[in-house]
Amino acid sequence: MRSTNWRIWFGLMPALTIMIFVGVVPLSIVFHHSFYDIFTLESKFWVGGEWYVEILTSLRFYESLGRSFAFSLITMWIQFPLGILIALAIPKIGPLKSVTLVLLALPLVVPWNMIPAIWLSLINPDNGIIGRVAELLGLPFDYKFTALHTWILIVVLDTWHWVGLVAILSFAGLSGIAPGFYQAAAIDQASRWQVFRYIELPKIAGVLTMALLLRFMDSFMIYTEAFGINAGGPKNATAFLSLDLGEQIAGFDYGPAAARSIIYFAIILCVVFVFVRVNKRQRNAETEFWQ
Amino acid sequence: MKPLTIFKLVGFCALAVFILLPFVQVVQLSFTATLEHTGVARGSISLVNYKNIFHSSALSASLINSVVYVLLNVALTLAVALPAAYTFSRSEFRSRDLIFFVLIAFRVTPPVVLSLPVFLLFAKVNLINSPIGIALVHCIFNVPIAIWILESFISAVPREFDETALIDGHSTPNFVLRYLTPIIAPGIGVAAFFCFVFSWVEVVFARILTVTGGKPISTAINGLFGFNTDIGLVMAMTTLSLLPGLAMIYFVRNHVARGFVIRA
């Protein structure tokens, strides 16, 4: 059914209007500002690409980029295997299914700025549950001044926050598999691993790529939670990309902040482009497979 | 019991402890007087934190502010996402891939990248300190998600269903509202759930867009931190901030895992 053009635009127009107003217009403003040195919005001076050169030639930018990449990779390597494992273990029917899904969704509804506050009070040696146990066992945990400990805390916190989303999405994909596939596998005496590799994984691949993109971008650009723990410290050991940008905005450094925003947006576009290509190839492969 | 069942049971318990421990901490502190209050000794169990919330008009107002802009956002998002999702599901058009790409790109753009220009833009059109402003800006990540979820639910409905209704003389909007929405009600519930959650937990936009008034719950909580923070009060506010989300989870518990089956 090839619909007429006006019908398509009528359907898309409301959504696109809003996206242009809150997305495209602000982005154009940032782009414009990124070429100026801005004292106030009334007095600004054209500096061309100076901010871009400054950011892209600074060591700090590449250090933060590396840290953000490392953080994304670590959290994804933990959350995806763990989330898929949880999804595989959830019973397909029965009360335990609902209970587990509710449990997994819980951390998703906590306001983001409260997550660091909660975890900091949890490890507080005076009244925190983990903090008091650690003190009793004589385990020193010094998230303020030991970089490794800050990293562990942020990774655990991020896993607590997001592993549920990975598990819920994987479970959603798994529950779409018709029982016939499992019966056929049983007849062929397929091992548990073979069932996962050749039946379950291909079926959840589509949902997993979407989850991968969401989790990659959110961890790559982590801001509120990481800032709340140690404000990028100790000694910038947890200064991720977004924290640098947040610092510039808070310091009213508008020109450089705008250039930095554009650079980050360019990185995002590249990642999304790769993702869309992979997703499309996957979808084509899947249709070929089922035909 | 088979060893596998025991293994699963242990795993389930470990997961439950990992996820629930922070919540136990929050609730426990929220019922503890962490500072000296008149008539309540420090460290004793009491309701003083909750009483203080309802005595502070700023704190209780922030709860209402948050609920208002989140509900506005959910309504607005669903209203614009439904026709878009229907179009995506039922029509072939050339700019489809491009629009899909742009929607995803904005979905994953972190708020901190756009916070400043959104503030400047909204200041020009008088949307600062207003729940409408926050509801609008949260559309940037909620509209793409809602379109994605609704599209997968609509695509599960056979096209013959549309064609029968359209042959019967219903216009497309009429058909979508009267016949399609009841069928995809679980999908609308799931989309509403995710929009609600993502809008409720967002902090950066909500904070920068409320300079003098209309402050959301997250900003109100942040304002409680200071030299001598009443952490009990903070945790009582946090506990209250979890309740709407809990209610939402309860409503969609049977549908939440169905929204993503068809395709990503």
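Please refer to the structure higher up on the page.
Residues numbered from 1 in each chain as written. Chains lettered and ligands numbered in written order. Predicted model: local features only at pLDDT ≥ 70, side-chain atom pairs only at ≥ 80, totals over all residues. Heavy atoms only, no water.

Topic: the nonpolar core
Grouped together as the largest cluster of nonpolar side chains are 183 residues, with contacts concentrated most on A:V272, B:F122 and B:I147. At 15 residues, the largest contribution of residues to this core is made by helix α7 (residues 147–174) of chain A. With residues up to four places along the chain from it excluded, the contact list for B:F122 reads A:F21, A:V22, B:L127, B:I128, B:G133, B:L136, B:V137 and B:L209. (Core = buried A, V, L, I, M, F, W, Y, C linked by side-chain atoms within 4.5 Å. Buried < 20%, exposed > 50% of the residue type's maximum accessible area, 1.4 Å probe, protein only. Helix = DSSP H or I, 4+ residues; strand = E, 2+ residues; numbered from the N terminus. Contact = heavy atoms within 4.5 Å.)

Quick word on empty space enclosed by the protein
Under the counting rule described, the total for this entry stands at four cavities of 30 Å³ or more. Elements that contribute at least two residues to the lining of the largest cavity include exactly α7, α9 (192–220) and α10 (224–230) of chain A together with α4 (96–108), α5 (111–124) and α10 (185–201) of chain B. For the lining of the largest cavity, the class distribution of residues is 15 nonpolar, three polar and six charged. There is about 90 Å³ of room inside the second largest cavity. In this structure, the second largest cavity is lined by 14 residues; those nearest its centre are A:V30, A:Y254, A:A258, B:L116 and B:P117. (1 Å grid on protein atoms, 1.4 Å probe; cavity = no way out; pocket = protein on both sides within 12 Å on 5 of 7 lines; lining within 4 Å. Points joined across faces, edges and corners; volume = space filled by probe spheres on them. Nonpolar A, V, L, I, M, F, W, Y, C, P; charged D, E, K, R; others polar.)

Digging into the pattern of salt bridges
Residue and element names in this part refer to chain A. Summed over all chains, the structure comprises five salt bridges over all chains. A salt bridge links D244 to R60; its shortest N-O distance comes to 2.6 Å. Of the two residues, D244 sits in helix α11 (residues 241–250) while R60 sits in helix α3 (residues 59–89), which places them 184 residues apart along the sequence. For D244, a relative accessible area of 5% translates into the label buried. Judged by its relative accessible area of 27%, R60 falls in the partly exposed class. Between R215 and D158 there is a salt bridge, with the nearest N and O atoms lying 2.7 Å from each other. (Salt bridge = Lys/Arg side-chain N within 4 Å of Asp/Glu carboxyl O.)

Some details on α4(B)
The end-to-end C-alpha distance of α4(B) is 19 Å, a good match for the 18 Å that 13 residues give at a rise of 1.5 Å each. Residues of α4(B) that are buried include every one of B:R96, B:I99, B:F101, B:L103, B:I104, B:A105, B:F106, B:R107 and B:V108, and no others. (Expected span 1.5 Å × (residues − 1).)

Considering a nonpolar patch on the surface
On the surface, A:V133, A:L136, A:L137 and A:L139 cluster together to form a nonpolar patch covering roughly 460 Å² of accessible area. Tracing the sequence through the fold places A:L137 in helix α6 (residues 129–137). (Patch = residues over 30% accessible without salt bridge, like charges linked within 9 Å, V, L, I, M, F, W, Y side chains within 5 Å. Areas by Shrake-Rupley, 256 points an atom, 1.4 Å probe, with all protein chains shown as cover.)

Concerning the packing of α7(A) against α9(A)
All names here are of chain A. Two elements in contact, α7 and α9, have axes whose closest approach is 8 Å; the angle formed by their N-to-C orientations is 155 degrees. On the basis of their axis angle, the class for α7 and α9 is roughly antiparallel. When you trace α7 past α9, the crossing you get is right-handed. Contacts between α7 and α9 involve D158, W162, V166, L169, S170, G173 and L174 from the first element and E200, I204, V207, L208, A211, R215, D218 and S219 from the second. A per-class count over the contact of α7 with α9 returns eight nonpolar, three polar and four charged. (Axes fitted to C-alpha atoms, helices over the stretch in contact; angles between N-to-C directions. Parallel < 35°, antiparallel > 145°, perpendicular 65-115°, else oblique. Left-handed = near helix turned anticlockwise from the far one by under 90°.)

Everything listed here is a matter of geometry and, on its own, says nothing about what the molecule does.
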